[in-house]
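# Fold and geometry: a report
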Amino acid sequence: MTDALAKLDSPALDEPLMEVQSLNKHFPLPGGSLFGKNKGAVRAVDGVSFALRKGETLGLVGESGCGKSTLARSLLQLLRPSSGSVKFRGVELTELSSKKLRPLRRDMQMIFQDPYTSLNPRKRVGHIIGEPLRIHGLAEGAELERRVREKLDQVGLSGDYYGRYPHEFSGGQRQRIGIARALAPEPSLIVADEPVSALDVSIQGQIVNLMADLQRDLDLTYLFVAHDLGVVRQVSDRIAVMYVGKIVEIGPAESVYTNPIHPYTASLLAAVPIPDPRANEARERNPLEGDVPSPSDPPPGCRFHTRCPFADEICEQEEPPLVDYGNGHFAACHHPLGRTPRGTG
Amino acid sequence: MSEPLLSVRDLEVSFRTEGGLLQAVDGVSFDLKRGETLSIVGESGCGKSVTAMTLMGLTGGPNARFSGSVKLDGQELLGADDEVMRSIRGDRMSMVFQNPMTSLNPVHRIGNQIVEQIRAHRDVSKKEAMARAVELLDAVGVPDAAQRARSYPHEFSGGMRQRAMIAMALSLEPEILIADEPTTALDVTIQAQILELLKQLNRDFGLTVILITHDLGVVADIADRVAVMYAGRLVETGTLDEIFYDPRHPYSWGLLGSVPRIEGERLARLAQIDGQPPALIDPPPGCRFRERCPHAFGKCGEEPELLSRGETPGHLDRCWLDISERPALRQLPSGLIGLAKPS
């Protein structure tokens, strides 16, 4: 707790490692035109701006289809954004050719959700973890093997596993292999897309704790994408909440969890059943009605107005901007919970 | 005491595999009372789904072996012939699965799928069956039910599909609904809607529910009684309050401790259970949890029975630890319950 707070206050952390401005990723629908006025495209990521500070963990949460995975991939240029800017260490990534991006990729690695499909079943563990070292020409021969064994050790696996195949491992062990591969080229940024959601709860704890240890030891910055609000709280310094392609709230983790400003964040938290029957009984749940709207035809105004208990006329007409409520806590809402609405300009 | 609606005794299910005999369910016994909600919790491979599917007679096959007894209102179901099981399935006991997309037929309209099920068991006209289907869809909260009955599964969202599955499962007014991870594939706001629906069906129609899940939050929200499974065995059963506030088995402590919380003080470190579950082919003798249990001692090489070891007769566990020492052993420095090395 105190550690996390001290980290937030330290000035070195304010230096952004990555800066994202008005990022869009639209997928054209068959028959529609990408150039038409936002018609005929799935607007998976729609005008997202935020900064990732050095050494922090930013948790990105939202329901399926909200665009969080697309955002993660667009940041790393695994999907090329439709427009907007992504600066990594001051370098504009969206303008770089694939060739020029390659040396930068060493510094930005990814951990995937499914440890069963993200490891090549035909390659030995040593080969899988060593691949980024070979690709970036960082090591070869005995030095490469030494470094791979060092990574195996770092993620809590025996060096004996070097010559084994992925199918010989359990889900938790495979996820450790995936983490070792991401660590191999010694990146400063790791984007983890639902890294523990395919794992059993007793194994989840192991991986979450391992990631926390690695961050401390190796000075890593994490973007942690997940739908499990408990896991995200456990790992994150800050939280960003997405809804239908937009960030609707972003701020320090404890502030977002204890004093959410956006009604969507509040409903999301209220919907999580907690493992304490009496406390669970005592909580106000008021489950949200209806489903998430389609990102190919988002509602006008605030995208949450179709499900929001506080929505009125203005919410149907005007899209609320992301407003600063102090302490780095921002939300985009016309009826902020427990706060006075601020003028829109 | 009234007779239990469903009584399971010493249920064993094993499968012949290339690697040897896999003991998926190993001596599971429990009773289910009319109108109660029993939750079976455990991790992947612990045998919770195999147990549920065996109750429904869905695990048969040339490589499956069964023993023990499953009695519904006194009638033995284990080993009953297909005809008997067909009259029970859907009619008296029905099941909802995790993934509603793969459990619905993609090329038939939702309403027709429900009609087909009703007409397979009841002698009613298509029109009557369709009226019933619409009524059911409406009851489970599908808006514009008459209209939506004409939709295909792909036109439904995940939550609506799960509602349609529940409507179908209820179409013959079964006494028992078995729900196997019914909300795991759904988003949390949709999960809350489905759990609310199950609670309402239980409250308003006295539906008896077996809910299988790995999520202790879901259990806390919906269950009356809880059965905790580990590596094919029941390790603890009790009421909801007994399991959450006085858990007896170290595996239950570990499960409770490893759930990341959304409220209260954030923990410096998430409690974890080291290691992984044993293989179910030739598992080691004795307590199956002992290799991961920091409290294990010499006696754990022998298999403990599932017994009431405290003063509450319905609260059973499978652990050799001294009952009076357990409250201290399960207490973490944070004040929460969890599995930690004794200091």
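Residues numbered from 1 in each chain as written. Chains lettered and ligands numbered in written order. Predicted model: local features only at pLDDT ≥ 70, side-chain atom pairs only at ≥ 80, totals over all residues.

## With respect to the overall build of chain B
- The helix and strand tally for chain B stands at 12 helices and 12 strands.
- Taken over C-alpha atoms, the radius of gyration comes to 21 Å for chain B, in line with the 20 Å a tight globule of 343 residues would show.
- In terms of its C-alpha atoms, chain B occupies a principal-axis envelope of roughly 70 × 45 × 45 Å.
- Among the 343 residues that make up chain B, the fraction classed as buried is 49%.
- Sequence-distant contacts, at least 24 apart, represent 64% of the contacts inside chain B between residues at least 6 apart. (Helix = DSSP H or I, 4+ residues; strand = E, 2+ residues; numbered from the N terminus. Rg over C-alpha atoms; globule rule 2.2 N^0.38 Å. Buried ≥ 20, exposed ≤ 12 C-beta atoms within 10 Å, placed from the backbone. Contact = placed C-beta atoms within 7 Å.)

## Regarding the interface of chain B and chain A
- Facing 40 residues of chain B, the contacting portion of chain A comprises 37 residues.
- Secondary-structure elements contributing two or more residues to the side of chain B that touches chain A are helix H8 (188-205), helix H9 (216-222), helix H10 (240-245) and helix H11 (250-257) of chain B.
- Take the side of chain B that touches chain A: its biggest share by element is 7 residues, from H8 of chain B.

## So, helix H10 (residues 263-271) of chain A
- Across the 9 residues that make up H10 of chain A, a large majority, 7, are buried.
- Inspection of H10 of chain A places Pro 263, Tyr 264, Thr 265, Ser 267, Leu 268, Leu 269 and Ala 271 of chain A among the buried residues, and these make up the whole buried set.

## What about the domain arrangement of chain B?
Residue and element names in this part refer to chain B.
- Each domain of chain B was delimited in the assignment, giving domain 1 (1-92 + 174-343) and domain 2 (103-173).
- Inter-centroid distance (C-alpha atoms) of domain 1 to domain 2 is 31 Å.
- Taken together, the contacts link 11 residues of domain 1 with 12 residues of domain 2.
- Sorting elements by how many residues they give to the side of domain 1 that touches domain 2 places H8 first, with 4 residues.
- Looking at the side of domain 1 that touches domain 2, its residues break down into 8 nonpolar, 2 polar and 1 charged. (Domains from an automatic or database assignment. Nonpolar A, V, L, I, M, F, W, Y, C, P; charged D, E, K, R; others polar.)

## Some words on the sheet that holds strand S9 (residues 225-230) of chain B
Residue and element names in this part refer to chain B.
- The 8 strands lie next to each other as S6-S7-S8-S3-S9-S10-S12-S11, forming an open sheet whose pairing is mixed. The sheet is open, and its two edges are formed by strand S6 (93-96) and strand S11 (307-308), each paired on a single side.
- Pairing geometry for S6 and strand S7 (residues 176-180), over 4 bridges, is parallel. Bridging from a neighbouring strand, Met 95 pairs with Ile 178 of S7. (Pairing = 2+ DSSP bridges.)

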